[in-house]
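# Close look at the chain arrangement
Take a look at the letters that make up each chain.
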Amino acid sequence: MRALQRRAGFARAAVVTLLAGGLALAGATAASAASGTVNTAGTALTVRSGPGTGYTSVGTVADGAAVTISCQTAGTSVTGTYGTTTTWDKIGTGRFVSDAYIYTGSDGRVAPDCSGTGTVAARVTATVNAAESMTGKYPYSWGGGNYAGPTKGICCSPSGIDDRNTVGFDCSGLMEYAFYQGAGLRISSTSSQQYAEGYKVALANRKAGDMVFWSDASKSPSAIHHVALYIGNDQIVEADRVDGPDIRVRSISLSETGLMGNVVRPIR
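Predicted model only: the values in this text are computed from it and were never measured.

Turning next to the overall build of the protein. A count of helical and extended segments in the protein gives 3 helices and 16 strands. Approximately 10700 Å² of the protein is accessible, and the part contributed by carbon and sulfur atoms is 49%.

Below, the structure is given as structure tokens:
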């Protein structure tokens, strides 16, 4: 059975296992440049020509070096000293480093968004990367997860499961995390709210970065109980209580019961 939508109004425990020290989350705003310190446990940090590991290496920065962060943007997901993040810091013209290795003293963004590097395509890619970075790492947790990462869940699911001691994500919590980390977007915390408040596009016109929803056989918006991130080629990333990894990539069929006829497109 698919994970049912989370109920609005429940406070979820802020147990975030990915965050420590100065990992900067995408989405918060800052007015000016900021300072940071490289923390790589002794190795040099690679500097890239753009916000991602696929860009050309243009040098290194020594462990312990101070850097000036002129702006921050979404890029490819990196796991480093301060957890997993898609945030990249611009430290000079054509010079970017992953924020996973930069201590800033804040768990929020500390510098403005980099103009011209946060394109729609880049934000979609970063959102997909953020969702995929959680696959196989955490269990399904009813009411678990938010924009910052996995959290303990709540009691109790419709089938009576108590997830108050289970750190992980439910379906809508994974969407919150992916869109905030990848695109700096804060979306609502339940699947039904995410559908109701989102910009809708016909399922036939789906693209990577869209949210796909399931209701009951009536396909009523009020009965929506599951959401997943569409990543292209009829594949999704979802959090579901299933045999095997609860956070997974799988193929979908357009004939699945309850699959809604519209997707929601937060990035456009």
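Okay, back to it.
Let us look at the layout of surface pockets. Leftover empty space is mapped by rolling, across the atoms, a probe with the size of a water molecule. Approximately 150 Å³ is the volume attributed to the second largest pocket. Among the elements that line the lining of the second largest pocket, the one with the most residues is helix H3 (residues 191–197), at 3 residues. Looking at side-chain class alone, the lining of the second largest pocket contains 6 nonpolar, 4 polar and 3 charged residues.

Our focus in this paragraph is the state of the cysteines. Two cysteines, two sulfur atoms, one covalent bond between them: this is a disulfide. In the structure shown here, the tally under the stated rule is 1 disulfide. Two residues share a disulfide in this structure: Cys 155 and Cys 156, whose sulfurs sit 1.6 Å from each other. With a relative accessible area of 28%, Cys 155 lands in the partly exposed category.

With that out of the way, let us pick up the pattern of salt bridges. The tally for this structure, following the rule as stated, stands at 7 salt bridges. Of the charged contacts, one joins Asp 234 and Arg 206 as a salt bridge, the two residues approaching to 2.8 Å between their closest N and O atoms. You can see Asp 234 sitting in the loop between strand S13 (226–232) and strand S14 (235–239) and its partner Arg 206 sitting in the loop between strand S11 (200–202) and strand S12 (211–214), a full 28 residues away along the chain. Assessed through its relative accessible area of 29%, Asp 234 is described here as partly exposed. On the accessibility criterion, Arg 206 (18% relative accessible area) is buried. Notably, a salt bridge pairs Glu 238 with Arg 248, separated by 2.8 Å at the nearest N-O pair. Here Arg 248 lies in strand S15 (residues 247–251) and Glu 238 lies in strand S14, a separation of 10 residues in the sequence.

Within the fold, Gly 209 resides in the loop between S11 and S12. Residue classification places Gly 209 among the buried positions, given a relative accessible area of 2%. Linking Gly 209 and Ile 231, residues 22 residues apart in sequence, is a C-alpha distance of 6.0 Å. Other than its neighbours up to four places away in sequence, Gly 209 contacts Val 124, Phe 179, Leu 229, Tyr 230 and Pro 266.

This part covers the nonpolar core. One finds Phe 169, Leu 174, Met 211 and Phe 213 to be the most contacted residues of the largest nonpolar core, which totals 31 residues. Discounting chain neighbours no more than four positions away, the residues touching Leu 174 are Ala 131, Met 134, Phe 169, Val 237, Glu 238, Ala 239 and Ile 247. One finds Leu 45, Val 47, Val 61 and Val 97 within the second-largest nonpolar core, a separate group that totals 12 residues.

Turning to the packing of aromatic side chains, a few remarks are in order. Scanning the entire structure with this criterion turns up 5 aromatic pairs. Here the aromatic rings of Tyr 82 and Tyr 103 are separated by 6.1 Å at their centres, their planes lie at 50 degrees, and the arrangement is tilted. Here Tyr 82, found in the loop between strand S5 (71–80) and strand S6 (83–92), pairs with Tyr 103, found in strand S8 (residues 102–103); they are 21 residues apart in sequence, far enough to count as distant. We classify Tyr 103 as partly exposed; its relative accessible area is 40%. The ring of Tyr 180 carries Arg 186 above its face, with NZ or CZ at 5.6 Å from the centroid. One residue, Arg 268, lies across the ring of Tyr 199, its end atom 4.1 Å from the ring centre.

Over its 13 residues, helix H2 (residues 171–183) runs 18 Å from end to end, which matches the ideal 18 Å to within 8%, given 1.5 Å per residue. Here H2 lies mainly inside the structure; 13 of its 13 residues are buried. Phi turns positive, to about 70 degrees, at Gly 184, one or two residues after H2.

Our next topic: the sheet that holds strand S1 (residues 34–38). Sheet strands pair via backbone hydrogen bonds, and the direction of the pair is either parallel or antiparallel. The strand order S4-S1-S8 describes an open sheet built from 3 strands, whose pairing is antiparallel. The open sheet is flanked by strand S4 (66–69) and S8, the only strands paired with a single partner. Relative to S4, S1 runs antiparallel, the two sharing 4 bridges. Within S4, the position partnered with Ser 35 by the bridge is Thr 68.

The subject of this paragraph is the confidence of the model for the protein. Per-residue confidence for the protein gives a mean pLDDT of 85; residues scoring 70 or more make up 87%. Taken as a whole, residues 1–31 scores under 50 in pLDDT and shows 131 contacts with residues more than four places along the chain or in a different chain.

What counts, and where the lines are drawn
- By convention here, each chain's residues receive numbers from 1 onward along its written sequence.
- Given that this is a predicted model, residues contribute local features only at a pLDDT of at least 70 and side-chain atom pairs are listed and counted only at 80 or more, while totals for whole chains, interfaces and linings are drawn from all residues.
- Think of the side-chain values as coming from all heavy atoms in the structure, minus any hydrogens and water.
- A helix here means a DSSP run of H or I that spans at least four residues, while a strand means a run of E at least two residues long, and both kinds are numbered starting from the N terminus.
- Accessibility throughout is a Shrake-Rupley quantity obtained with a 1.4 Å probe, and a residue counts as covered only by protein chains that appear here.
- The method works on a 1 Å grid over the protein atoms by themselves. A cavity is a set of points holding a 1.4 Å probe that cannot get out, a pocket is an open set with protein on both sides within 12 Å along at least five of seven lines, and residues with an atom within 4 Å of a point line them.
- Grid points are joined across faces, edges and corners, and a volume is the space filled by probe spheres set on the points.
- Amino acid classes used here: Ala, Val, Leu, Ile, Met, Phe, Trp, Tyr, Cys and Pro are nonpolar; Asp, Glu, Lys and Arg are charged; the rest, including Gly, are polar.
- Note on disulfides: each one is a pair of cysteine sulfur atoms within 2.5 Å.
- A 1.4 Å probe rolled over the protein chains alone gives each residue an accessible area, and that area as a share of the maximum for its type sets the label: buried under 20%, exposed over 50%, partly exposed in between.
- Every case where a carboxyl oxygen of Asp or Glu lies within 4 Å of a side-chain nitrogen of Lys or Arg is listed as a salt bridge.
- For this analysis, residues touch if any pair of their heavy atoms sits within 4.5 Å.
- Buried Ala, Val, Leu, Ile, Met, Phe, Trp, Tyr and Cys residues that are joined via side-chain atoms within 4.5 Å together make up what is termed a nonpolar core.
- We call Phe, Tyr and Trp rings a pair once their centres come within 6.5 Å, taking the six-membered ring for Trp, and we label the pair stacked below 30 degrees between planes, edge-to-face above 60, and tilted otherwise.
- Lysine NZ or arginine CZ positioned within 6 Å of the ring centre and within 35 degrees of the ring normal marks a charge as sitting over the ring.
- Here a helix's expected span is defined as the number of its residues, less one, multiplied by 1.5 Å.
- For two strands to pair, DSSP has to find at least two bridges joining them.
- A score from 0 to 100, pLDDT tells how confident the predictor is in each residue.

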